Amino acid sequence: MLGFIGRRLIIAIPTIVLISIFVFALQKLLPGDPVLAMAGEERDPEVLEFLREKYRLNDPIPQQYLHWMGGVMQGDLGVSLRTRQPVLELIAEKLPVTIQLAVMAMTIALMIGIPAGILSAVHKGGWIDWLANLFALSGLSVPNFWLGIMLILLVSVKLGWLPASGYQPLATDPLRSIQTMLMPAFVLGTGLAATLMRHTRSAMLGVLRADFIRTARAKGLRERTVILKHALRNALVPIVTISALLFGELLAGAVLTEQIFTIPGFGKMIVDAVFNRDYAVVQGVVLCTAVAFIAMNLAADAAYRWLNPRMREQG
Amino acid sequence: MAAPDAVPGAARAPLPGPVDEPVPPRRGSRSWTKLRSNPVALLGAALVLFFVLVAALAPVLPVADPTATDWLAVRKAPSAAHWFGTDEIGRDVLARMIWGAQASLLAGVVSVGIAVAIGVPLGMMAGYWGGWTDAAISRVTEALLAVPFLILAIALAAFLGPSLTNAMIAIGLSAMPIFIRLARGQTLSVMTEDYVEGARAIGLGHGAIIGRYVLPNIFPPILVQATLTIATAIIAEASLSFLGLGQQPPAPSWGSMLNVAKNFLEQAPWMALWPGIAIFLVVLGFNLLGDGLRDALDPREL
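Being a predicted model, the structure only gives us computed values, none of them experimental.

J.: Residues and numbers for the overall build of chain B, please.
T.: Looking only at helices and strands, chain B has ten helices and zero strands in total. Expressed as a percentage of its 302 residues, the buried residues of chain B come to 50%. Counting only contacts in chain B whose residues sit at least 6 apart along the sequence, the fraction spanning at least 24 positions is 72%. Surface summary for chain B: the accessible area is close to 13300 Å², and the carbon and sulfur share equals 67%.

Next comes the structure, spelled out in structure tokens:
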């Protein structure tokens, strides 16, 4: 197992290097001279030259990249142009908010997606299957930011049940915090539930055809036991992997959801950074999400091997 | 497909007499029949067709100017004069919806066009030549896939500057890795087929093999993926426009209409209703059509 993780980590290195080159290249896409933008009204050639030297803009581009990458390796992702805060610190500050949203959304997604997938596979071709598929397809087709707007209209504006905004950190006021996060988590969760339901359904259909299910039924086990103990256990292996891979979708969904419900998390930070032309933050965010995504992928593969004894033996 | 009829595996037989070019199996007309008998796929096609017609006919439809403001009819509820109501500066919402269809469909089709035009040749190159070409292309694909689709699109749109064109480029580049990966995998599996070996044996060049044997055979799964990706791309364009990174005002787009509408939920809920329903329906249409195409073109079902 450790050997497997080690080998995968080594494979991940060129990918991460490529992403860092891409992220570095992004700033070269920007039109205009960055020094002129920094200097503002100042047009003294000596000052401009000093700034160029200071930010190493006279160096060849590969050298600029190596210098930037050297900083990144030591946790220096640059400084936010707006708040002058180190980018890494900023990300660390916003991340817990988004993690809370992600965990709540994932819980809702699992609670809807897995039972719906099981029911639809067990009643394949029946009206429950039809209904579950309709739900899944609608979930995949509805823009989740619009769902959020409609929920605000219904639940907050018309019924007044839940607040539409006003996030509170989990530590200071847990109840209020969960209350304000409930709608965003639901919006984010239903989209994921659709994907989960589809995967659960196909995994269950695959397992239900297996010989050991026929054996279990032939032994006279109750259908409930066959489905939940024998079939679901085996179907769960690919579902665990998918759940980890949905992480990317979760983060992207958080960008819009946090925007609508004004939650001060990771996603809102990206959008704010884009509008403030805070490029260091945008670069840091892209780099961090990519590395996190690779880590999640690795964790999913490791979990898959751990849950599936047949793969464990292959070393 | 223009190839004459042949039974699958026919190319495996020893070639008699004058050397014929080996012919891949054909499945065109059978798939068409299958697609036509699938009511769900037809519903999808009808939805797509409806929005395409609306977008294409926008200039000739008898609707108001989508950018004309009317300060005497600000945020009016739907009525006989304005079927879908008016927005915060008195513009007709129906007219903006109809013209907005152009932005949405254009964004969906153009960005997927970019993704296919760059991604498919790269994927075919990787699958066809293997070795270093494959290693290089695959590493870049993995790197791009590691950044979540929408975040990559937002970052690109941010650096390229906000406009509909840049949003389409950003979405296209973000969707490209899916097509590289798909084309590569499909090419790899086609390369093991006997008819490709036959084409090589009779001395056809790389260009001819790729054009006549690889491309027609990897085309069906790419068509399915492209249809489903248009659905994703339309949502992505709406998302970028909603964030202010796509179509710029006053030009209408469903995403930017929603962005404004969220500030008037209490006073003018209809402003938020229509664009969302339209996005949902057109995306649903492409999803249904894509699923139907997949069922119709799936060779395992033959």
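J.: Could you give me a rundown of the domain arrangement of chain A, with the residues and numbers involved?
T.: All names here are of chain A. Assigned domains within chain A: domain 1 (2-73) and domain 2 (94-313). For domain 1 versus domain 2, the distance between C-alpha centres works out to 35 Å. Contacts between the two partners involve 15 residues from domain 1, matched on the other side by eleven residues from domain 2. Both sides together, the interface formed by domain 1 and domain 2 hides about 1200 Å², and carbon and sulfur atoms give 81% of it. Taken together, the links from domain 1 to domain 2 amount to two residue pairs in polar contact (both at pLDDT 80 or more). Counting only elements with at least two residues in the side of domain 1 that touches domain 2, the list comes to α1 (2-29) and α4 (61-73). Residue contributions to the side of domain 1 that touches domain 2 peak at twelve residues, all from α1. Here the side of domain 1 that touches domain 2 is built from residues that sort into eleven nonpolar, three polar and one charged.

J.: Which residues make up the UniProt feature "domain: ABC transmembrane type-1" (unreviewed entry) in chain B, and what values go with them?
T.: The UniProt record annotates "domain: ABC transmembrane type-1" (unreviewed entry) at residues 101-290 of chain B. Strand forms 0% of residues 101-290 of chain B and helix 83%; the C-alpha atoms that close the span are 20 Å apart.

J.: Tell me about the packing of aromatic side chains, and name the residues and values.
T.: Working definition: an aromatic ring pair is given by the centre-to-centre distance plus the angle between the planes. Here the structure, examined in full by the defined rule, presents eight aromatic pairs over all chains. Considering the side-chain rings of B:Phe50 and B:Phe51, the 5.2 Å spacing of their centres and the 80° angle between planes classify their relative orientation as edge-to-face. Here B:Phe51 falls in the buried class, since its relative accessible area comes to 7%. What links up through ring pairs into an aromatic cluster is the set A:Phe24, A:Tyr65 and A:Trp68.

J.: Before we move on, could you go through the environment of A:Trp68 and cite the residues and values that matter?
T.: All names here are of chain A. Here tryptophan 68 is to be found in helix α4. With 46 residues separating them along the chain, tryptophan 68 and phenylalanine 22 place their C-alpha atoms 13 Å apart. Filtering out sequence-adjacent residues up to four positions away, tryptophan 68 remains in contact with Ser20, Val23, Phe24 and Leu287.

J.: Can you lay out the UniProt feature "domain: ABC transmembrane type-1" (unreviewed entry) in chain A for me, pointing to particular residues and giving the numbers?
T.: Under the feature "domain: ABC transmembrane type-1" (unreviewed entry), the UniProt entry names residues 95-304 of chain A. Structurally, residues 95-304 of chain A is divided into 83% helix and 0% strand, and its ends, taken at the C-alpha atoms, are 27 Å apart.

J.: Explain the environment of A:Tyr65 to me, and be specific about the residues and the numbers.
T.: Residues and elements named next belong to chain A. For tyrosine 65, the location among the structural elements is in helix α4. Of the residues examined, tyrosine 65 reaches a relative accessible area of 13% and is grouped as buried. In this structure, the C-alpha to C-alpha distance between tyrosine 65 and phenylalanine 24, residues 41 residues apart in sequence, is 6.8 Å. Sequence-distant contacts of tyrosine 65, defined by excluding residues within four places in its chain, comprise Val17, Ser20, Ile21 and Phe24.

J.: Which residues make up the interface of chain B and chain A, and what values go with them?
T.: Contact with chain B, which involves 40 residues of that partner, is made by 43 residues of chain A. Both sides together, the interface formed by chain B and chain A hides about 3600 Å², and carbon and sulfur atoms give 84% of it. For the pair chain B and chain A, the number of links is one salt bridge. Note that B:Asp291 is salt-bridged to A:Arg198, the shortest N-O span being 2.8 Å. In this assembly, chain B and chain A are joined by three residue pairs in polar contact (both at pLDDT 80 or more). Listing elements by their share of the side of chain B that touches chain A, those giving two or more residues are α4 (131-145), α5 (149-160), α8 (206-242) and α10 (270-297) of chain B. Top contributing element to the side of chain B that touches chain A by residue count: α10(B), with eleven residues.

Calculation rules
- Residues numbered from 1 in each chain as written.
- Chains lettered and ligands numbered in written order.
- Predicted model: local features only at pLDDT ≥ 70, side-chain atom pairs only at ≥ 80, totals over all residues.
- Heavy atoms only, no water.
- Helix = DSSP H or I, 4+ residues; strand = E, 2+ residues; numbered from the N terminus.
- Buried < 20%, exposed > 50% of the residue type's maximum accessible area, 1.4 Å probe, protein only.
- Contact = heavy atoms within 4.5 Å.
- Areas by Shrake-Rupley, 256 points an atom, 1.4 Å probe, with all protein chains shown as cover.
- Domains from an automatic or database assignment.
- Buried area = accessible area lost by both parts, 1.4 Å probe.
- Polar contact = N/O pair within 3.5 Å; in protein donor to acceptor, adjacent residues only side chain to side chain.
- Nonpolar A, V, L, I, M, F, W, Y, C, P; charged D, E, K, R; others polar.
- UniProt positions renumbered as here; feature names shortened; annotations may be inferred.
- Phe/Tyr/Trp six-rings, centres within 6.5 Å; stacked < 30°, edge-to-face > 60°.
- Salt bridge = Lys/Arg side-chain N within 4 Å of Asp/Glu carboxyl O.

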